There are 2 protein chains.
Amino acid sequence: MDEILQYLERHRESFEEDLCALLRIPSVSADSRHRGDMRQAADWVYGQFTSMGLKAEIVETAGHPIVYAESPPVAGAPTVLVYGHYDVQPPDPLDEWVSPPFEPTKRDGNIYARGATDDKGQMLTHVKSAQAVLATTGKLPVQLKYIIEGEEEVGSENIESFLDDRREQLACDVIVISDTSQFGPGRPAITYGLRGIAYFELRLTGPKQDLHSGTFGGAVTNPLNTLAKMLAALVDGAGRIQIPGFYDDVVELTDTERAQFAVLSFSEQSFMRQIGVEGVSGESGFSTLERRWARPTCDVHGFWGGYSGEGAKTVLPCRAGAKFSFRLVPNQDPVKIGRSLEQMMRALCPPGIKLELIDLHGAPGVLVPLDNPYMSAAASAVERGFGTTPVFIREGGSIPIVNAFKAKLGADTLLLGWGLDDDNTHSPNEKFCLADFHRGIKASAALWDELGKLNA
Amino acid sequence: MDEILQYLERHRESFEEDLCALLRIPSVSADSRHRGDMRQAADWVYGQFTSMGLKAEIVETAGHPIVYAESPPVAGAPTVLVYGHYDVQPPDPLDEWVSPPFEPTKRDGNIYARGATDDKGQMLTHVKSAQAVLATTGKLPVQLKYIIEGEEEVGSENIESFLDDRREQLACDVIVISDTSQFGPGRPAITYGLRGIAYFELRLTGPKQDLHSGTFGGAVTNPLNTLAKMLAALVDGAGRIQIPGFYDDVVELTDTERAQFAVLSFSEQSFMRQIGVEGVSGESGFSTLERRWARPTCDVHGFWGGYSGEGAKTVLPCRAGAKFSFRLVPNQDPVKIGRSLEQMMRALCPPGIKLELIDLHGAPGVLVPLDNPYMSAAASAVERGFGTTPVFIREGGSIPIVNAFKAKLGADTLLLGWGLDDDNTHSPNEKFCLADFHRGIKASAALWDELGKLNA
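Every chain's residues receive numbers from 1 upward, in the order its sequence appears when written. All chains are assigned letters beginning with A, and all ligands numbers beginning with 1, in the order in which they are written. Note on the predicted model: pLDDT of at least 70 is required for a residue's local features to be given, and 80 or more for side-chain atom pairs to be given and counted; whole-chain, interface and lining totals, by contrast, use all residues. As a convention, hydrogens and water are excluded, and side-chain values are obtained from all of the structure's heavy atoms.

## Remarks on the overall build of chain A
Point 1. Runs of H or I in DSSP of at least four residues are treated as helices and runs of E of at least two as strands, each being numbered from the N terminus. On a plain count of helices and strands, chain A comes out with 14 helices and 18 strands.
Point 2. The atom set for the radius of gyration is the C-alpha atoms, and the globule formula is 2.2 Å times the number of residues raised to the power 0.38. Compactness check: chain A gives a C-alpha radius of gyration of 23 Å against a globular reference of 23 Å for 456 residues, within 12% of the reference.
Point 3. Each of the three principal axes of chain A carries a C-alpha extent, and together these read 80 × 50 × 45 Å.
Point 4. When accessible area is computed with a 1.4 Å probe and restricted to protein chains, residues below 20% of their type maximum are described as buried, those above 50% as exposed, and intermediate ones as partly exposed. Here chain A, with 456 residues, has 64% of them falling under the buried criterion.
Point 5. Counted over contacts in chain A with a minimum sequence separation of 6, partners at least 24 positions apart contribute 79%. The contact rule is simple, with two residues in contact once any of their heavy atoms fall within 4.5 Å.

This is the structure in C-alpha cells:
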C-alpha cells in the first residue's frame, strides 16, 4: 500500500490537471446546444480508462453516451461497480459566478467550476485510485466495472435500458457512488438514505393572445393568477403537501434515527449564515436536518409568464408556466403521486384556462441497510483516506440510479460523500475542496483493498 | 363644411401616409433603449403642428418631452384642450406579430402596427381635422390647445408638473381625448366612466444564492413558493380582492347603469370566441360587461424567478418577482390601497424571505357627468362623423390624466373612442380600422363646429 500512497503523493498535480481538463468541457446535458461538448466529455473519460489499460467502450444511447470500462475478474474477490456522471447542471445565472463556470480556478484550497463536486471531481477519485493501484501493483484486488453516464442531471432516462441490455456483463456484488456530501469539513459521511423525486412542468394557456388588462381584466381568467393559485394550493401553512394521499406511503423516521440526527453537531445558526437567511421554515414538527434528509418537500424551481421587462406593462398574458418538484422519502411512489397531482390540478383549473402537466422525471427514495460487510469495509476505507471514522447520515438529494441498481442488479450501493454542503452544487460558484479530492482518491484506493479482503 | 369634407376626401391617402410615418417610429417609453426614438416621435408631431401654422413647442420634462401646440383664441367660443400620446407599449412577444410591429402594414381595411389605435392613430384624427379646417376656412371655430405627451404608457409621471407650471396657458372649457373604443364596429361610443389603477412590483429575496433543492429543499423558504402564496392570497375563490378595506370606497353600479349595460347587444359567446377561450370567470354576482367596466380587479402582468430553460433543473432559486395591478373604480384611492397592500404582504412574508414592494404608478377611476352641453355637442359630432348616434358606456382601462385635468384645470373630459375592442391594444398585431381613422377625422372636424356654436 505504501507504494500506492507514494504514487498518489507524486501525482497530486497531474491529477488536478486532469480534473481541470474535464471541468473545462461544458457538458450541460439539459441544453441541446451542448450536444458536442457532451460527446467531448465522454471521449475524455473513455481516454482515462484506455490509458490505464482498462477495456473501455463508448455506448450510444437515445440521448447522451455512456462510458463503460472494466478490469479483469479477480477470483474469490467481489466485483465492484462504480457509477458516476460526466454531465453537469446548467451554469446560469452566469453573472453570479466569480470566475467563469467552465474555466476551473483555484482559490483558497478549492477548485471552482460547474461540475467540480457534482460529479466530475468526486467521480474522478475512483478513476485515479485505480490508475494508482495499476501503475504500482499491476493489478486490482477486486474487479472494477465503471458506468460513467451523461444524463444524471436530466433524469438518467436511458441508463435503465442499458442495465437491462447488459445485465450479465454488469453483474456485481456492490456498487460505489461518490455524488454526495460529507457531514462537515473533515467529517466524512456514508449516506444510507436518499430522497426520491417527482419533477413536473405545468403549462397554462388562457386567451389566444395577450390582452389589455384594462379592457379585459376582471372578466377573463388570467393564467398567471391561476398558476399562482395552483402552486400555492400545493402546500399548506404548516408546510404539509396537499396532494390527496401524498403522505400515505411515507416511512416515518424511527426514534433511533431522530436521536442520531439530534446528536450530530449541527448548528442552525451557522446553517442560516451559510445560506444567508435570517430565518428558516418548513414542515411543522421536524428539525432542519429532518426536513432536509427525511421529509418530503415541494419546491418551485422556476416560473415564467407575461412581462418582466423595465417599467409597467398593463397586459393580461395568455400563457404561464412553472417547473416544480417533490422530494420523496421511502416508500412514496412518484407515479402514484403524479396521477394524484394531475387530478388535483385539473380540479383547480378554472374556466378559460387550458392545462398541460408534463412529468419530467421521477424516482423513489432509498434506504441502504447498515448491517452488511461492504458497509463496514467502506467505513474502514474512509477512515484510512480521511483519518477519521465516517458518520452515517441521510441526504436530501436524489440519485435515482441507486433504485435501478437495486432493482436490476440486486446490489446495494455505498454512497461515499467527498463533497461539502457549501460546495454550491447546482448553483453559481460550484467548488470542490482539493484536499478532499486527494483524500477521496486515497480512500478509494483503500476501498479496493478492503473490499479485496472479502469473499465474493 | 362641404369644403372641409371634400378636403378630407382628397387627402385620405396623404393622411394614411402620415399615420404610417409616425407608426414607423418605435417610441416605446418603458424601454430606455428607445430614448432616441421617443425624441424623433416628438419632433414628428411638432412638425405636424408647425406645418399647419399652429404655434408649437417641444417641452422638456424629467422624462420624455411633451409636444404642446395652440391656435388663436376665438372670442365667445369655448377653448378646447386635446390630449393624446405619442408613446407606445413594448411590442413583445415579437414572434407573435404577423407583420413587424414598427412596419405598418395594411390588411383587410386595417393598419397593423404597435400604436396604431393606442394612441397614434386616434390622436392624429384631431390633428388632421384641424389641418383640414385651417386649409379650407383659414380659421378654427374654437381655440384648440394640444398636449401630446410621451409617458402615458408609463404613468404620465411628468405631466402633472407641466399642468401646474402652465395652469393659465392651459385654461380651457373642455378636454377631448380619443384613446378608448367604440362599443362595436359601427357603434361609436362616448365613454363616461374609466377605471383607475394601482400598479406594483413585488420582489422577494431568499438565500444569498441559488441552492440545490435536494440538499436544502424543505428547510429553506423558497421565494417562488412564497410569491405564489402571496399572489394567490390577493383574490379569493369568488373573485373578491382580499386586501383589507379594498372595497370600502367603491361606488357601486346604479340600477339604471346595470339596466343600460344589460340592453347593449353584448354577446358573451362572441366575446369568448374573440379572445379564444371556452369559459370566463370573475367576481361573482356581476356580468362580463360589469366586470370589465365597473368592478375593481387584480391581474398579474408578469412573474419571473428560477430556471425556465430546457429540461429539469433541481434548484431552489434565491429570487422571485412579479408585476401586478389592481383596476380601481370611483372612489377607490390607489395610495390608500397601496398602504393596505404592503401591510398585507409583510404580514404574509415568512421567515427567510426579504420583501420589496415597489409602487410603479396609480390613478383613481373617473365618472364624467352626462348632463352638460359639451357632451351633447360631442354626441352630435360623432353622429355626423359616423352616421349613427353614439352609445354611452364605461371602459375598463385607465386614463390617469383625466383625473389630473379635472383637478388642475377644472374641466371635464370627452372620451370619444374611435378604436375597437379587438384592436389588440398592448398585444401583438395591434391594429386600427382605416375607415374609423377617416370617420374619426370627420367627427373631429364636426366637433370643432358643434363646440363653436356653444358660448364659452
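## Brief notes about the side chain of A:Thr215
Point 1. Note that A:Thr215 resides in helix 6 (residues 213-216).
Point 2. A relative accessible area of 10% means that A:Thr215 is categorised as buried.
Point 3. When neighbours within four sequence positions are excluded, A:Thr215 is seen to be in contact with B:Arg292, B:Glu395, B:Gly396, B:Gly397 and B:Asp421.

## Some remarks on unusual backbone geometry
Point 1. With an omega dihedral of 0°, the bond running from A:Pro330 to A:Asn331 counts as a cis peptide bond.
Point 2. Looking at the element boundaries, A:Asn331 is found in the loop between strand 13 (319-328) and helix 11 (334-348).
Point 3. For the bond from B:Asp92 to B:Pro93, the omega torsion is 0°, close enough to zero to count as cis.
Point 4. Looking at the secondary structure, you find B:Pro93 in the loop between strand 3 (79-85) and strand 4 (105-107).
Point 5. Even without a glycine there, the phi angle at A:Ser156 is positive, about 45°.
Point 6. Tracing the chain through its elements places A:Ser156 in the loop between strand 6 (143-149) and helix 5 (159-165).
Point 7. Classification of A:Ser156 by relative accessible area gives buried; the value is 6%.

## Section: the domain arrangement of chain A
Residue and element names in this part refer to chain A.
Point 1. Splitting chain A by domain gives domain 1 (2-194 + 365-452) and domain 2 (196-250 + 296-361).
Point 2. All the domain ranges listed were derived from an automatic or database domain assignment. Relative to domain 2, the C-alpha centre of domain 1 lies at a distance of 35 Å.
Point 3. Contact with domain 1, which involves 11 residues of that partner, is made by eight residues of domain 2.
Point 4. Buried area: the accessible surface (1.4 Å probe) lost by two parts on joining, summed over both. A combined buried area of about 610 Å² lies between domain 1 and domain 2, and 53% of that area is made up of carbon and sulfur atoms.
Point 5. Among the residues domain 1 hides against domain 2, the three largest losses belong to Gly155, Gly365 and Ser398. Together they make up 52% of the total.
Point 6. The salt bridge definition used is simple: a Lys or Arg side-chain nitrogen within 4 Å of an Asp or Glu carboxyl oxygen. Linking domain 1 with domain 2 are zero salt bridges.

## Some details on the pattern of salt bridges
Residue and element names in this part refer to chain A.
Point 1. Going through the model one piece at a time under the given rule, you end up with 58 salt bridges over all chains.
Point 2. With its nearest N and O atoms 2.6 Å apart, the salt bridge here joins lysine 128 to aspartate 18. In this pair, lysine 128 is assigned in helix 4 (residues 116-137) and aspartate 18 in helix 2 (residues 12-23), connecting sequence segments 110 residues apart.
Point 3. Owing to a relative accessible area of 1%, lysine 128 belongs among the buried residues under this scheme.

## Looking at the relation of the copies chain B and chain A
Point 1. A residue counts toward the fit only if its pLDDT is at least 70 in both copies, and the copies are then superposed by least squares on the C-alpha atoms of those residues. Between the two copies, chain B and chain A, the superposition gives an RMSD of 0.1 Å; the rotation angle is 180° and the shift along the axis is 0.0 Å. Within this description, the copies of the chain are treated as partners about a two-fold rotation axis. The position closest to the rotation axis in chain B is occupied by the C-alpha of B:Ala228, lying 2.2 Å away.
Point 2. When the interface residues of chain B are mapped onto chain A, 100% of them are again interface residues, pointing to one common binding face.

## Some details on the sheet that holds strand 13 (residues 319-328) of chain B
Point 1. Ordered in space as 14(A)-9(A)-13(A)-11(A)-11(B)-13(B)-9(B)-14(B), the eight strands form an open sheet in which the pairing is antiparallel. Only two strands of the sheet have a single neighbouring strand rather than two, namely strand 14 (354-363) of chain A together with strand 14 (354-363) of chain B. Sheet twist, expressed as the mean angle between neighbouring strand axes with direction ignored, is 20°.
Point 2. Between any two strands, pairing holds if DSSP finds at least two bridges. Pairing between strand 9 (residues 196-205) of chain B and strand 14 of chain B: nine bridges, direction antiparallel. Residue B:Phe200 lies in a different strand from strand 14 of chain B, and its bridge partner there is B:Asp359.
Point 3. Sheet contacts for helix 11 of chain A: strand 9 (196-205), strand 13 and strand 14 of chain A; angle to strand 14 of chain A, the most-contacted strand, approximately 165°.
Point 4. Helix axes are fitted to C-alpha atoms over the stretch in contact, other axes to C-alpha atoms as well, and angles between N-to-C directions run from 0 to 180 degrees. Of the strands in this sheet, strand 11 (297-306) of chain A together with strand 9, strand 11 (297-306), strand 13 and strand 14 of chain B touch helix 7 (residues 223-232) of chain B, which is tilted by about 10° from strand 13 of chain B.

## As for the packing of helix 12 (residues 373-386) of chain A against helix 14 (residues 434-452) of chain A
Residues and elements named next belong to chain A.
Point 1. Between helix 12 and helix 14, the least distance of the axes is 7 Å, while the angle of their chain directions is 140°. By the criterion of interaxial angle, the relationship of helix 12 to helix 14 is oblique. Relative to helix 14, the crossing made by helix 12 is right-handed. On the side of helix 12, the interface is formed by Tyr374, Ala377, Ala378, Ser380, Ala381, Val382, Arg384, Gly385 and Phe386, while helix 14 contributes Asp436, Arg439, Gly440, Lys442, Ala443, Ala446, Leu447, Asp449, Glu450 and Leu451. Each angle is binned into one of four classes, with values under 35 degrees roughly parallel, values over 145 roughly antiparallel, values of 65 to 115 roughly perpendicular, and all other values oblique. By convention the crossing between two helices is left-handed if the near helix lies anticlockwise of the far one by an angle smaller than a right angle, and right-handed if it lies clockwise.

## Concerning the packing of aromatic side chains
Point 1. For this analysis, a ring pair means two rings from Phe, Tyr or Trp (six-membered ring only for Trp) whose centres lie within 6.5 Å, classed as stacked if their planes differ by under 30 degrees, edge-to-face if by over 60, and tilted for the remaining angles. All chains considered together, the criterion is met by 31 aromatic pairs over all chains.
Point 2. Aromatic side chains B:Phe183 and B:Trp293 sit 6.0 Å apart centroid to centroid with 70° between the ring planes, which places their arrangement in the edge-to-face category. With B:Phe183 in the loop between strand 7 (174-177) and strand 8 (189-194) and B:Trp293 in helix 10 (residues 288-293), this pair connects stretches of sequence that are 110 residues apart.
Point 3. Given a relative accessible area of 13%, B:Phe183 falls into the buried group.
Point 4. Judged by centre distance (5.1 Å) and plane angle (80°), the rings of B:Phe246 and B:Tyr247 are edge-to-face. Note on accessibility: B:Phe246 and B:Tyr247 belong to one class, buried.
Point 5. Aromatic ring contacts, followed pair by pair, group A:Phe200, A:Phe246, A:Tyr247, A:Phe324 and A:Phe326 into a single cluster.
Point 6. Counted as over-ring charges are cases with an Arg CZ or a Lys NZ within 6 Å of the ring centre that also lie within 35 degrees of the ring normal. A cation sits over an aromatic face here: B:Arg240 above B:Tyr247, 3.7 Å from the ring centre.
Point 7. Sitting over the ring of A:Phe216, B:Arg292 keeps its end group 5.0 Å from the ring centre.

## Observations concerning the packing of helix 2 of chain A against helix 3 (residues 35-51) of chain A
Residues and elements named next belong to chain A.
Point 1. In contact at an axis separation of 10 Å, helix 2 and helix 3 are set at 155° when each is read in the N-to-C sense. The angle between the axes of helix 2 and helix 3 places the two elements in the roughly antiparallel class. Counted together, Asp18, Ala21 and Leu22 of helix 2 and Ala41, Trp44, Val45 and Gln48 of helix 3 form the full contact between these two elements.
Point 2. For this scheme, ten residues count as nonpolar: Ala, Val, Leu, Ile, Met, Phe, Trp, Tyr, Cys and Pro. Four count as charged, namely Asp, Glu, Lys and Arg, and the remainder, Gly too, count as polar. In terms of residue class, the contact of helix 2 with helix 3 is made up of five nonpolar, one polar and one charged.

## Things to note about the interface of chain B and chain A
Point 1. Across the contact, 92 residues belong to chain B and 93 residues belong to chain A.
Point 2. Here chain B packs against chain A, burying approximately 7600 Å² in sum over the two surfaces, 50% of which is carbon and sulfur.
Point 3. Run the count over chain B and chain A and you get two salt bridges.
Point 4. The salt bridge partner of B:Glu96 is A:Arg319, with a shortest N-O separation of 2.4 Å.
Point 5. In protein, a polar contact means a hydrogen-donor-capable atom and an acceptor-capable atom, both N or O and within 3.5 Å, with residues adjacent in sequence counting only if both atoms are side-chain atoms; elsewhere, any N or O pair within 3.5 Å suffices. Counting across the interface, chain B meets chain A through 55 residue pairs in polar contact (both at pLDDT 80 or more).
Point 6. Counting residues per element, the side of chain B that touches chain A draws most heavily on strand 11 of chain B, at 10 residues.
Point 7. Here the side of chain B that touches chain A is built from residues that sort into 33 nonpolar, 36 polar and 23 charged.
Point 8. Here five bridges tie strand 11 of chain A to strand 11 of chain B, and the two strands are oriented antiparallel to one another. Bridge pairing in strand 11 of chain B links A:Gly302 to B:Gly306.

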